[in-house]
Amino acid sequence: MVFHFCITRHELLLFEALREGLEEEMDRDPRVCVMGEDVGHYGGSYKVTKGLAKKYGDLRVLDTPIAENSFTGMAVGAAMTGLRPIVEGMNMGFLLLAFNQISNNCGMLHYTSGGQFKIPIVIRGPGGVGRQLGAEHSQRLESYFQSIPGIQMVACSTPYNAKGLMKAAIRSENPVILFEHVLLYNLKERIPDEEYVLSLEEAEMVRPGEHVTILTYSRMRYHVMQAAKTLVNKGYDPEVIDIRSLKPFDLYTIGNSVKKTHRVLIVEECMRTGGIGASLTAAINENFHDYLDAPVVCLSSQDVPTPYAGTLEEWTVVQPAQIVTAVEQLCR
Amino acid sequence: MALNQITSSSRSKLLKPLSCFSSSTSLRRPFSSSSDDNTVITVETSAPFVGHNIDPPCRSVETTPKELLGFFNDMAVMRRMEIAADSLYKSKLIRGFCHLYDGQEAVAVGMEAAITKKDCIITAYRDHCIFLGRGGTPFESFAELMGRKAGCSKGKGGSMHFYKKEAGFYGGHGIVGAQVPLGCGLAFAQKYSKDNTVTFTMYGDGAANQGQLFEALNMAALLDLPAILVCENNHYGMGTAEWRAAKSPAYYKRGDYVPGLKVDGMDALAVKQACKFAKEHALKNGPIILEMDTYRYHGHSMSDPGSTYRTRDEISGVRQVRDPIERIKKLIISHNLATEKELKDIEKNLRKEVDEAIAQAKESPMPDPSELFTNVYVKDFGLEAFGVDRKEVKVVLP
């Protein structure tokens, strides 16, 4: 028997993929609602919620005042009753004002109530270093949130995984923080027409290889792939994995890769101190120590506030040339 | 059971003229000397309501013998439970933080009398008695306070995290003021589902100075949410008197564009009237603030003696003049619903019941060690708990 399967696809930009996922979930479940600044009439500062307020009404796509602490708290309270709100932080950095609500109420209520309350909330928004947006608008919050018990964190990087992760996050019964990146919203890709949902806890194999495992997420995936082109020309065969799930790590995929290549390079946009890379290094060392031929190398952003000047800003994040050098040193 | 005994014994009593305690002039009673459980009694509240941007409700409250005896019963259990918690804490069976509610019982029972279990209540950490009011049992409370598995939060919450989802009690929160946005979220969900129910979001005079309260109030007013913000003003935010923390301690006025009502929080009937009024208002017109003028006899928590920032005379003065249980007792006696001795017997029985609950809770087991990792996440993908590197890797590598 011959199986023909024809996957029809359509082309869209990453922010449109997010919107598509969001709209499909809102159609599917009337309890899904959106709250955030300028998500309604304005359509979202990055157009992720454009047109949704017209379709679903002002209560379901709620324009909030500039009060992150209390509208995040309001979303958590609504989630306690069974609604499934999606909170948009206009910039992830603003959610620092809601840290108490995210840490204490969102993350801990399921535990402190002995399992009585579920908080099926999604907190999403753009973060990361953009184009000269200044220090306060270029923050990476994944390192601050990673210790909060009870939450899950994922980072999207392509239109395909953005839509899939958005849908998975909305359907999850746990609070999920979905990290988007300011510079990735206009990425174009052809994604399947058929409905699909990705797993929140799985990493993505971007490029299989033999010599070294490069673990990355979000925007740095593209810097890594750029470096991979150079590395291939130089005769190296890097395996690139987009970890996607920042909490918990997909140690199954990562472990199998380490077992194969014996060398690990982590490339992230987080700060060096207390970042995702730091936790990942510790996790790999603890779990896969026997398979490593060399210490885990972690390339992160510099521990500085992001400067405004373009050249300085470039040097705060990891550039492809640094990745190439690190792989060459690691594979010596 | 005790209730039936009282009403049947009062049938044999002669009608006595009213004492002057309650200045009620209209007592509707049939001429036969049976006092029906549901006879309507009208009582005047002790103090008038004061309104801000709203006409206050009238001072005459309708009640029934059943309700008054219910108030007495419930408040006596609450008082007894808090006093028992005090001695349990001192004997180190309860650890950590323990914030006691004695003195403020009228707010809990008065509110329950005006609403249903479909309406939601959310409060801060002084939550033991609100939990009882919502239908929790003393056994569940003591078990939770002592960290036992049978506690209302399986022993994992503690004094500040009592919850009862099926009765609309959303806790139980340790961070001052953080429950107010949550409460507006509950009201948002009620409006979203068009439930025709309301949320009572409770906080104290200390929390009234939190910014998130005003943020939440703004949103509630913008969206006409059925949220009733109840400020339990016991005049002290831990050790700081209200006049030292707030430029304007008139908390019922602080809503500005949101109407407010000041209520004598030591009078259960006044609380009931105010909550009924507030519920009707919130369903039609959006948020309203209720300021309950109340008092706590204990200090802020068990580590606070409560006498360094206020005089013992003040505490005993309030206890003599305004105690909520004494007020209901006097009402019951003056309306011949029970004698002093009968009420004392009820109290003795309740005390025994509470002591039994304590003994039962003392015997109940601690949580299993495996409970450390349950309820961190809702069971997804078959995993119990995971940090960044997970307790159980999905597959063990060969």
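Residues numbered from 1 in each chain as written. Chains lettered and ligands numbered in written order. Predicted model: local features only at pLDDT ≥ 70, side-chain atom pairs only at ≥ 80, totals over all residues. Heavy atoms only, no water.

Caption draft 1: Spotlight on the environment of Arg140 of chain A. All names here are of chain A. By the secondary structure assignment, Arg140 is in the loop between strand E5 (122-127) and helix H6 (142-145). In this structure the C-alpha to C-alpha distance between Arg140 and Gly125, which are 15 residues apart in sequence, comes to 11 Å. The contacts of Arg140, once residues within four sequence positions are left out, are Gly128, Val129, Glu269, Cys270, Met271, Ser301 and Thr306. Side-chain polar atoms of Arg140 contact the backbone oxygen of Glu269, separated by 2.9 Å. Among the polar contacts made by the side chain of Arg140, one reaches the side chain of Thr306 at a distance of 3.4 Å. (Helix = DSSP H or I, 4+ residues; strand = E, 2+ residues; numbered from the N terminus. Contact = heavy atoms within 4.5 Å. Polar contact = N/O pair within 3.5 Å; in protein donor to acceptor, adjacent residues only side chain to side chain.)

Caption draft 2: Inspection of the interface of chain A and chain B at higher detail. The partner chain B presents 52 residues to the 64 residues of chain A that form the contact. Taken together, the two surfaces of chain A and chain B that pack against each other cover about 4800 Å², and 65% of this comes from carbon and sulfur. Counting the contacts that link chain A with chain B gives zero salt bridges. Put simply, chain A and chain B have 18 residue pairs in polar contact (both at pLDDT 80 or more) between them. Broken down by secondary-structure element, the contributors of at least two residues to the side of chain A that touches chain B are strand E2 (32-36), helix H3 (68-81), helix H4 (99-106), helix H5 (109-112), strand E12 (245-247), helix H9 (251-261) and helix H10 (276-288) of chain A. For the side of chain A that touches chain B, the element with the highest residue contribution is H3 of chain A, accounting for eleven residues. Its residues placed into classes, the side of chain A that touches chain B shows 27 nonpolar, 26 polar and eleven charged. (Buried area = accessible area lost by both parts, 1.4 Å probe. Salt bridge = Lys/Arg side-chain N within 4 Å of Asp/Glu carboxyl O. Nonpolar A, V, L, I, M, F, W, Y, C, P; charged D, E, K, R; others polar.)

Caption draft 3: Looking closely at the state of the cysteines. Per the stated rule, a full pass over the model turns up zero disulfides over all chains. Take Cys156 of chain A: it sits in no disulfide, and the sulfur closest to it among the cysteines is that of Cys270 of chain A, at 15 Å. Judged by relative accessible area, Cys156 of chain A falls into the buried class, the value being 1%. No disulfide involves Cys275 of chain B; its sulfur sits 13 Å from the nearest other cysteine sulfur, which is in Cys231 of chain B. (Disulfide = S-S within 2.5 Å. Buried < 20%, exposed > 50% of the residue type's maximum accessible area, 1.4 Å probe, protein only.)

Caption draft 4: Geometry of the packing of aromatic side chains. Taken as a whole and judged by the stated rule, the model has nine aromatic pairs over all chains. Ring plane angle 25° and centroid distance 5.0 Å describe the contact between Phe117 of chain A and Tyr170 of chain B, whose orientation is recorded as stacked. One end of the pair, Phe117 of chain A, is in the loop between H5 and E5; the other, Tyr170 of chain B, is in the loop between helix H5 (138-145) and helix H6 (179-192), on a second chain. Relative to Tyr309 of chain B, the ring of Tyr236 of chain B has its centre 5.3 Å away and its plane inclined at 45°; by these criteria the two rings are tilted. Taken together, the residues span a long stretch of sequence, with Tyr236 of chain B in strand E7 (residues 236-237) and Tyr309 of chain B in the loop between strand E10 (288-293) and helix H10 (312-322) at a distance of 73 residues. Connected via pairs of aromatic rings, a cluster forms that spans Phe117 of chain A together with Tyr163 and Tyr170 of chain B. The ring of Tyr236 of chain B carries the charged tip of Arg310 of chain B above its face, separated from the ring centre by 5.6 Å. (Phe/Tyr/Trp six-rings, centres within 6.5 Å; stacked < 30°, edge-to-face > 60°. Lys NZ or Arg CZ within 6 Å of the ring centre and 35° of its normal.)

Caption draft 5: Here's a closer look at the environment of Arg319 of chain B. Residues and elements named next belong to chain B. With respect to the secondary-structure elements, Arg319 resides in helix H10. Here Arg319 falls in the partly exposed class, since its relative accessible area comes to 40%. Those residues in contact with Arg319 that lie beyond four places of it in its chain are Arg79 and Tyr297.

Caption draft 6: Structural detail: unusual backbone geometry. Omega for the peptide link from Lys247 of chain A to Pro248 of chain A comes to 5°, which places this bond in the cis form. With respect to the helices and strands, the residue Pro248 of chain A is situated in the loop between E12 and H9. In the segment running from Gly171 of chain B into Gly172 of chain B, the intervening peptide bond is cis, with an omega of 15°. Positionally, Gly172 of chain B belongs in the loop between H5 and H6. Its identity as a non-glycine residue notwithstanding, Asn375 of chain B has a phi of 65°, on the positive side. With respect to the element layout, Asn375 of chain B can be found in the segment after helix H12 (340-363).

Coordinates in, geometry out; function isn't part of it.
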